[in-house]
Amino acid sequence: MKVEARKKLHLGEYPTPLESMDNLTAKHGKVKLYIKRDDIAGPAFGGNKTRKLEYIMQEAVEEGYTAMLTVGGPQTNHGKTTVAAAVKLGLKPILVLGGPAPKYLSGNLTLDAMMGADIVFAGADMAGAVEATIKRYEEQGDKVYNLPAGGTGATGVAGYIMAVKEIMDQCEEQNIHPKYVVCAVGSLGTYGGLNLGVRYFNAPFQILGVPVSPKDDWAQWRKDTAKFINDMAAFYEMDIHVDGDELLINNGPADAPYSGEEYNKPDSLTRKAMFELAREEGIITDPTYTGKAFRGFLDMVDKGIIDGDAIFLHTGGATAVWTKEHLDDMQQELFDNCKISEFGK
Ligand SMILES: *Cc1c(COP(=O)(O)O)cnc(C)c1O
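Residues numbered from 1 in each chain as written. Predicted model: local features only at pLDDT ≥ 70, side-chain atom pairs only at ≥ 80, totals over all residues. Heavy atoms only, no water.

Visitor: Any chance you could break down helix H5 (residues 126–139) for me, citing the residues and the numbers?
Guide: Helical geometry note: an α-helix holds 3.6 residues per turn, so side chains three or four residues apart project in the same direction. Compared with the 20 Å implied by 1.5 Å per residue over 14 residues, the 20 Å span of H5 between its first and last C-alpha is a close match. Along H5, the residues classified as buried are Ala-129, Val-130, Thr-133, Ile-134 and Tyr-137. For H5, the angular spread of buried residues about the axis comes to 125 degrees, placing them on one side. Residues of H5 that are exposed and point over 90 degrees away from its buried face: Ala-127, Glu-131, Lys-135 and Glu-139. Elements that come into contact with the buried residues of H5 comprise strand E3 (67–72), strand E4 (92–97), strand E5 (118–121) and strand E6 (144–147). Residue Gly-141 follows H5 closely and has a positive phi angle near 95 degrees. (Helix = DSSP H or I, 4+ residues; strand = E, 2+ residues; numbered from the N terminus. Expected span 1.5 Å × (residues − 1). Buried < 20%, exposed > 50% of the residue type's maximum accessible area, 1.4 Å probe, protein only. Arc of directions from axis to C-beta. Contact = heavy atoms within 4.5 Å.)

Encoded structure:
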């Protein structure tokens with residue numbers, strides 16, 4: 001199947017804005033900095049999963065599914081956006097999330113609950129919980145679409161292959177000439193799709209990824225990433241092959257990697273970058289994905305690794321700012337750095 005032939009339905013407003021970041025460009029000098037606002041496209045505060053879901057939901061509706069099940073961490077943005085898309089299209093929304101059930105709902109879990117999702121916490125047995133949940137729905141006559149984590153697979157990846165065409169058209173219209181598009185790298189759907197797109201459409205820019213979680217074996221991870229891209233290329237009949245070591249991925253300095261200590265655990269350097277974007281441009285990022293990637297973006301600009309104009313792809317996630325853990329982490333820094341006072345005292 002050719003990627004252009006793939007059908008999709010409408011969930012988000014595209015093209016998303018491609019804006020210049022004038023204040024940050026003035027502050028960091030050297031090159032022009034832009035931001036692509038995929039954070040504002042789609043239902044329930046959207047984000048990058050919307051582009052994937054336009055293809056996934058098309059397939060689900062076309063094939064007569066009645067329920068949409070997906071998996072992830074407790075605060076998964078992908079899960080939240082999938083629930084919204086399922087609700088809109090009349091499919092039953094089901095989430096199977098890692099770990100024990102919480103006592104208190106915050107962040108995306110609040111939104112999942114508001115939208116009426118069936119939320120199953122898997123404890124330590126994700127596979128078992130998924131299987132049992134699918135069975136429970138099938139027994140009552142539902143046809144359950146079992147969507148992988150991050151919506152990453154042949155269907156969803158079409159979203160970011162085609163996004164490259166959108167960015168190329170916008171660059172031409174706006175007469176801008178970025179050398180890089182920088183994005184967070186999670187389950188690979190976004191980074192992999194973009195890498196295929198630039199090769200397939202001969203884009204004049206490169207994709208530079210910032211991982212959001214540390215890997216035990218980076219060389220192996222690069223190989224796995226290349227394999228995913230090559231498998232997707234084969235699926236869409238593209239004459240494309242990449243090697244792990246030709247992929248642009250940067251995890252920053254060994255003593256303070258952009259990915260931090262672990263997934264979903266931001267550090268003060270991540271928060272510093274988040275606060276800077278918020279204070280210079282009025283744009284909110286999240287502590288788990290876009291904050292880490294944005295820290296990498298600015299650091300690479302300052303170090304000259306980004307040696308040409310660059311677009312930061314904002315993949316969303318800001319709803320995670322309101323998770324209890326992240327709020328608790330941020331309190332002191334915000335109080336210490338903010339102008340908060342009470343009149344008369
Ligand atoms: C899921 C997600 C990513 C990573 O995208 P992948 O396609 O999984 O690599 C980046 N940013 C945000 C906000 C996300 O929710």
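Visitor: Can you explain the packing of aromatic side chains? Please cite residues and give values.
Guide: Considering all chains together, one arrives at 8 aromatic pairs under this definition. Taken together, a centroid distance of 5.0 Å and an interplanar angle of 70 degrees make the contact between Tyr-200 and Phe-201 edge-to-face. Taken together, the aromatic side chains of Phe-294, Phe-297 and Phe-312 make up a single cluster linked through ring pairs. Over the face of the ring belonging to Tyr-289 we find Lys-49, whose NZ or CZ atom lies 5.7 Å from the ring centre. It is Lys-143 that lies over the ring of Tyr-65; its NZ or CZ is 4.5 Å from the centre. (Phe/Tyr/Trp six-rings, centres within 6.5 Å; stacked < 30°, edge-to-face > 60°. Lys NZ or Arg CZ within 6 Å of the ring centre and 35° of its normal.)

Visitor: Before we move on, can you summarise the pairing of E3 with the specific residues and values?
Guide: Of all 6 residues making up E3, 6 are buried, and the element is well covered by its neighbours. Side chains Ala-67, Leu-69 and Val-71 project from E3 onto one buried face, and the interleaved Met-68, Thr-70 and Gly-72 project onto a second face that is buried too. Two strands pair when backbone bridges link them, and E3 and E4 are joined in this way by 6 bridges, in the parallel orientation. Bridge assignment links Met-68 to a residue of E4, and that residue is Pro-93. Handedness of the β-α-β unit built from E3, helix H3 (residues 77–89) and E4 comes out right-handed. Here E3 runs beside E6; their pairing, made up of 4 bridges, is parallel. Directly across from Thr-70, in E6, lies its bridge partner Leu-147. (Pairing = 2+ DSSP bridges. Right-handed = clockwise from strand over helix to strand, strands pointing away.)

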